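Architecture and fold: a report
Here is what each chain is made of, one letter per residue.
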Amino acid sequence: MDEFQEILQDFLVESFELVEKLDEDLVELESNPEDLELLNGIFRVAHTVKGASSFLNFDILTHLTHHMEDVLNKARHGELVITPDIMDVILESVDLMKQLLEQIRDTSADSGIDVSACVSRLDKVSGGTGEVDTPVAETPAQEAPKEVEEVVETASDDDELDYENMSPEEVEAEIERLLNQRQEEDKKKREAKIAAGESVPSLEPDAQPDEEFAAEPKEETPPPPPPPTAPTPPKAAASSGGDSEPKAAAPARKSPAAVEQTIRVDVKRLDHLMNLIGELVLAKNRLIKINDDVEERYEGEEFLEELNQVVSIVSLVTTDLQIAVMKTRMLPVGKVFNKFPRMIRDLSRELNKKIELVISGEDTELDKSIVEEIGDPLVHIIRNSCDHGVESPADRLAKGKDETGTIMLKAYNEGNQIVIQIDDDGKGLDAEMLKAKSLEKGIITEKEAESMSDKEAFGLIFKPGFSTAAQVTNVSGRGVGMDVVKTNIEKLNGIIDIDSEIGKGTSMKLKIPLTLAIIQALLVGVQEEHYAIPLASVLETVRISTDEIYTVEGKSVMRLRDDVLSLVHIGDIFEVERILDSSEHAYVVVLGLGTSKLGLIVDTLVGQEEIVIKSLGEYLKGIDGIAGATIRGDGGVTLIVDVVALMEMAKDVKATALTEAAQAGSAANEKNSASDYTVMIVDDSKTDRAIMRKALEPMGITIVEAADGQEALNILKSGDHNFDAMLVDIEMPRMDGYSLASEIKKYNRYKNLPLIAVTSRTGKSDRMRGVESGMVEYITKPYSSDYLASVVQRNINFKSEFL
């Protein structure tokens, strides 16, 4: 059975390779039914699988592919036009072929799958009655192929004859006639191609040109090959002897060297090789670190130059070896893309829409493990685009669009990442509608909806349970799928970016690392601890001063160009004790994940390094915010940050960020009495002014009130008071809070005056505008008296220290 298993394995490998592109080719054939070359290629696949399965006694697979072959053969000879309905039946038979091959792979038998209904439909399509008996599958045995039966079946492709009532001599004569007829037909085709100037490969004078028999078992008799049990046809023998052209030796047409260009390697061997390379990379990093230490200790010694050369060579060879091994694991992303033409075709018919799929960049390569993981997310995204994105033909025509919608699927490299982009020219995403649906389902709060940008609203489609479908269909509408997309992509350390415009369409970009085993990382430190942040998630690093940090609604923020960036210290996330210092500067690592950004404050930036991801093991796995560990060049262990989890954890961290040192210094210098301070309250509501006054009076602060911005500005101009802080409402008559803040900042003497917004406006754009106009804090109504008092006290103390 070892020999049989080897043959079986070869059969499965070949058959899976042949069937892999059938879906794509058949969909293309439906669009270009006149493409005879494509049709012949599809026919050859069915014929080859039929012949090989018959050889191995897989009767059900043989039965199915034989009837599929009949339909394709009639189409080849112009006796049948392949309509969408006929293509449905052919595609169904291809699906069954795949199932049978998988069944054979798992059980070495093709039993357990019912193909009778499909075979009946195939028989009706090819002109039969549909009443076909399906054979019962048996366990395959090591038997010789049914040679005569196979040849008779092949001959019956062109001529319906009753072979059972013919004598053996008549059968052999008919076979000889058919073979000669095929040879003459192919000779005419060949001469026609030559006359038309087409390039035609050379053939041996007596070689059999009929491609239909290319996959049949061959005997070592001079071609043209008759059936193994039949004698050599005299006419064919004569023609081979009388040909004027010199006869080439048989091996000259395809040498063994030309065939053995690739070998198949077990994936486990490649995984083991990748693990060894990972260890080699760690050793290289440590060697570089030791070399640096030796250079520092033995500066000026002669042996250092030789040591440097050796280390450089080892480093270079290791890097090249790593790249080479990684390439052996690379697969073209087209392996995934190839299944989508068929899917689009089926969805178009199911949804009664006209949709065209355009694929590009399918040769872009990814690590095998990632290729296997991105298939399902892409299926969900494309199904969603078909169902929710692309409109019906009538709707598209009404909008002035082409009735056929387009979905573009492309892949390309961008740095150390691969980008898979899915674009459609459908109706686009409506940010307001997405917010309304999310509010209705309780996914977000009203406050979150008000402060949410359009880009953030697009991300709502990835929330569990979110759906905009009016009714549940087989395609989508259950609120599942897109959340799985986000989860699966983030598992790969990837991100999803969405852009959309109403009426124009939607674009989704999946940004995925090329490999998961060895990555580039930024090493950062807090006290004695080190952390590795995947470089793919690092947008930039900046150095800021303490006076660039503000507090908005209890959260530390900073302004980074046109963005207001949330800040959190990495030590607060992982509960690492920090020694308070009075440093005036800090390092901020700006992390990006889709539309979300976070400023991560660290004590030190160690540098960029290539790291090998190691599992934490059974007892330490599942730690929030940690994806794994790696070994540094000095032998120490560094934890690898899980950026997705870290950004989620940061939402619950209080606004300590970098301000603890300043707060500690402020506390030491805090005055026991605040009676020397003066604060102006600016609000057009008398009630609101009274509430703020009652909150501040117990502190002994002198209060000055103004009913609107213009009155407040006049008081400041008078110079009667030296104010330490101002509480400013936003919506006021004559002059609002934004305008007041902008006017105040024009005066040098008030440049450092803390302006604290106290308002009911909670939108992100409102807070952003407040920061731009000069507000240092943003308090949202309603608030507690203690909170208001603490904010005012903190800002007064800060102003006192700053001056």
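Within every chain, residues take consecutive numbers counted from 1 along the sequence as written. Local features in this predicted model are restricted to residues of pLDDT 70 or higher, and side-chain atom pairs are both shown and tallied only at a pLDDT of 80 or more, whereas totals for entire chains, interfaces and linings draw on every residue. Water and hydrogen atoms were dropped before computing side-chain values, which therefore reflect all heavy atoms in the structure.

Concerning the sheet that holds strand E8 (residues 518-526)
Threshold: Strands were regarded as paired on the criterion that DSSP finds at least two bridges between them. Here a helix means four or more residues in a row that DSSP labels H or I, a strand means two or more in a row labelled E, and each is numbered from the N terminus. Here an angle of 0 to 180 degrees is reported between the N-to-C directions of two axes, which are lines fitted to C-alpha atoms, with helices fitted over the stretch in contact. Residue contacts follow a heavy-atom distance rule, with two residues in contact if any of their heavy atoms lie within 4.5 Å.
The strand order across the open sheet formed by five strands is E16-E8-E9-E18-E17, and the pairing between neighbours is mixed. For this open sheet the edge positions go to strand E16 (604-612) and strand E17 (626-631), each flanked by a neighbour on one side alone. Going from strand to strand, the sheet's axes swing by 35° on average, the running direction of each strand aside. Sheet analysis places strand E9 (residues 529-534) next to strand E18 (residues 637-641), joined by two bridges and oriented parallel. By the bridge assignment for E18, Ala532 is matched with Ile640. Strands E8, E16 and E17 of the sheet are contacted by helix H11 (residues 267-297), whose axis makes an angle of about 145° with E16.

Observations concerning the confidence of the model for the protein chain
Low pLDDT means the predicted atomic positions in that stretch should not be read closely. Here is the rule: Residue-level confidence of the predictor is what pLDDT reports, using numbers from 0 through 100.
Across the protein chain, the average pLDDT comes to 76, with 77% of residues at or above 70. Within the protein chain, no element has a lower average pLDDT than helix H9 (residues 234-242), which sits at 38, and none a higher one than helix H16 (residues 393-398), at 92. Under a pLDDT of 50 for its full length, residues 139-161 has, in the predicted model, 48 contacts with residues more than four places off or in other chains. Across residues 659-674, confidence stays below pLDDT 50; counting only partners more than four residues off in sequence or on other chains, it has 21 contacts.

Observations concerning the sheet that holds strand E21 (residues 725-728)
Spatially, 11 strands are ordered E10-E14-E15-E13-E12-E11-E23-E22-E21-E19-E20 in an open sheet, and the strand pairing comes out mixed. If you trace the sheet from one side to the other, it starts and ends with strand E10 (538-545) and strand E20 (702-706), each paired once. Averaged over all pairs of adjacent strands, the angle between strand axes in this sheet comes to 30°, irrespective of strand direction. Both strand E13 (residues 563-569) and strand E15 (residues 596-602) contribute to a ladder of three bridges, which runs parallel. Residue pairing in the sheet places Leu567 in a bridge with Gly599 of E15. The sheet strands contacting helix H25 (residues 709-718) are strand E19 (678-682), E20 and E21, and the helix crosses E20 at an angle near 130°. The sheet contacts of helix H26 (residues 737-744) involve E19, E21, strand E22 (755-759) and strand E23 (777-780), and relative to E21 the element is tilted by about 155°.

A few points about the packing of aromatic side chains
Applicable threshold: Pairing of aromatic rings covers Phe, Tyr and Trp, the last counted by its six-membered ring, and requires centre-to-centre distances within 6.5 Å; plane angles under 30 degrees mean stacked, over 60 mean edge-to-face, and any other angle means tilted. Only protein chains enter the accessibility calculation, which uses a 1.4 Å probe; a residue whose area is less than 20% of its type maximum is buried, one above 50% is exposed, and one in between is partly exposed. The criterion for a charge sitting over a ring is simple: Lys NZ or Arg CZ within 6 Å of the ring centre, and within 35 degrees of the ring normal.
Counted under the stated rule, the structure contains three aromatic pairs. Ring centres of Phe11 and Phe58 lie 5.8 Å apart, and the angle between their planes is 25°; this geometry places the pair in the stacked category. One end of the pair, Phe11, is in helix H1 (residues 2-20); the other, Phe58, is in the loop between helix H3 (36-55) and helix H4 (59-76), and 47 residues separate them in sequence. The exposure classification of Phe11 matches that of Phe58, with both residues buried. With centroids separated by 5.0 Å and ring planes inclined at 15°, the aromatic side chains of Tyr531 and Phe574 adopt a geometry described as stacked. Taken together, the residues Tyr531 in strand E9 and Phe574 in the loop between helix H21 (570-573) and strand E14 (585-593) connect sequence positions 43 residues apart. Residue Phe574 is classed as buried on the basis of its relative accessible area, which comes to 17%. Cation over ring: Arg76 sits above Phe43, and NZ or CZ is 3.8 Å from the ring centre.

Topic: the packing of H4 against helix H6 (residues 116-125)
Going by this rule: Working rule for angles: under 35 degrees goes down as roughly parallel, over 145 as roughly antiparallel, 65 to 115 as roughly perpendicular, anything else as oblique. Less than a right angle of anticlockwise turn of the near helix away from the far helix marks a crossing as left-handed, whereas a clockwise turn marks it as right-handed.
Viewed as axis vectors pointing N to C, H4 and H6 meet at an angle of 25°, and their least axial separation amounts to 9 Å. Classed by the angle they form, the pair H4 and H6 counts as roughly parallel. Note that H4 runs across H6; the crossing there is left-handed. The residues of H6 that touch H4, namely those facing His63, Leu64, His67, Met68 and Val71, are Cys118, Val119, Leu122, Asp123 and Val125.

Description of unusual backbone geometry
Even without being a glycine, Asn352 presents a positive backbone phi close to 55°. Within the secondary structure layout, Asn352 lies in the loop between helix H14 (340-351) and strand E2 (354-360). At Arg734, a position not held by glycine, the phi torsion is positive, near 70°. Within the secondary structure layout, Arg734 lies in the loop between E21 and H26.

Focus on the pairing of E9
Where E8 meets E9, six bridges bridge the pair, whose relative direction is antiparallel. Its bridge partner being in E9, Leu522 is matched across the sheet by Ile533. Count of turn residues in the E8/E9 antiparallel hairpin: two residues, of which Gln527 carries a positive phi of about 55°.

Looking at the side chain of Asp23
In this fold, Asp23 is placed in helix H2 (residues 22-31). Residues in contact with Asp23, not counting those within four places in the same chain, are Leu91, Val94, Lys98 and Arg342.

Quick notes on the nonpolar core
Put simply, the rule reads: In this description, a nonpolar core means a group of buried Ala, Val, Leu, Ile, Met, Phe, Trp, Tyr and Cys residues linked to one another through side-chain atoms lying within 4.5 Å.
Core analysis: the biggest nonpolar cluster contains 47 residues, and Phe340, Ile374 and Ile420 have the highest contact counts within it. Here the element with the most residues in this core is helix H15 (residues 368-389); it accounts for eight residues. When sequence neighbours within four positions are dropped, the list of residues in contact with Ile374 reads Val333, Val336, Leu366, Ile420, Leu492 and Ile512. Within the second largest apolar cluster, 42 residues are counted, among which are Leu8, Leu61, Val115 and Leu122.

A few points about the pairing of E21
Put simply, the rule reads: Whether a crossover is right-handed depends on one test, that the path from the first strand over the helix to the second runs clockwise when the strands point away from the viewer.
Of the two faces of E21, the one lined by Ala725 and Leu727 and the one lined by Met726 and Val728 are each fully buried. Of the pairings in the sheet, the one linking E19 to E21 comprises four bridges and is parallel in character. Considered in E21, the bridge of Met680 is made with Met726. The sheet contact formed by E21 and E22 spans three bridges and is parallel. Directly across from Leu727, in E22, lies its bridge partner Ile756. Between E21 and its parallel partner E22, the chain crosses via H26, and the hand of that crossover is right-handed.

Here's the deal with H4
To be explicit about the condition: To estimate the expected span of a helix, count its residues, drop one, and scale the result by 1.5 Å.
The end-to-end C-alpha separation of H4 is 25 Å, in line with the 26 Å expected for 18 residues at 1.5 Å each. Burial of H4 is extensive: 15 of the 18 residues sit out of reach of the surface. Note on H4: the residue one or two positions beyond its end, Gly78, has a positive phi of about 75°.

Considerations on the environment of Phe43
Here Phe43 lies in helix H3. Classification of Phe43 by relative accessible area gives buried; the value is 0%. Residues Phe43 and Asp70, 27 residues apart in the sequence, show an inter-C-alpha distance of 9.1 Å.

Focus: the packing of H11 against helix H12 (residues 303-328)
Basically, it comes down to this: Amino acid classes used here: Ala, Val, Leu, Ile, Met, Phe, Trp, Tyr, Cys and Pro are nonpolar; Asp, Glu, Lys and Arg are charged; the rest, including Gly, are polar.
Look at H11 against H12: their axes get within 10 Å of each other, and the N-to-C directions meet at 160°. For the element pair H11 / H12, the angle class is roughly antiparallel. The two elements H11 and H12 meet at a crossing, and its hand is left-handed. For the contact of H11 with H12, a count of residues per class yields 17 nonpolar, seven polar and two charged.

Some points on the pattern of salt bridges
Between side chains of opposite charge, a pair can form as their charged atoms come close. This is how the line gets drawn: For this document, the term salt bridge refers to a Lys or Arg side-chain nitrogen within 4 Å of an Asp or Glu carboxyl oxygen.
One pass over the structure, following the stated rule, counts 29 salt bridges. Salt-bridge contacts for Arg345 lead to Asp346; the nearest nitrogen and oxygen are separated by 3.3 Å. Among the ionic contacts, a cluster of salt bridges with common partners joins Asp23, Glu30, Asp85, Asp88, Asp95, Lys98, Arg342, Arg345, Asp346 and Arg349.

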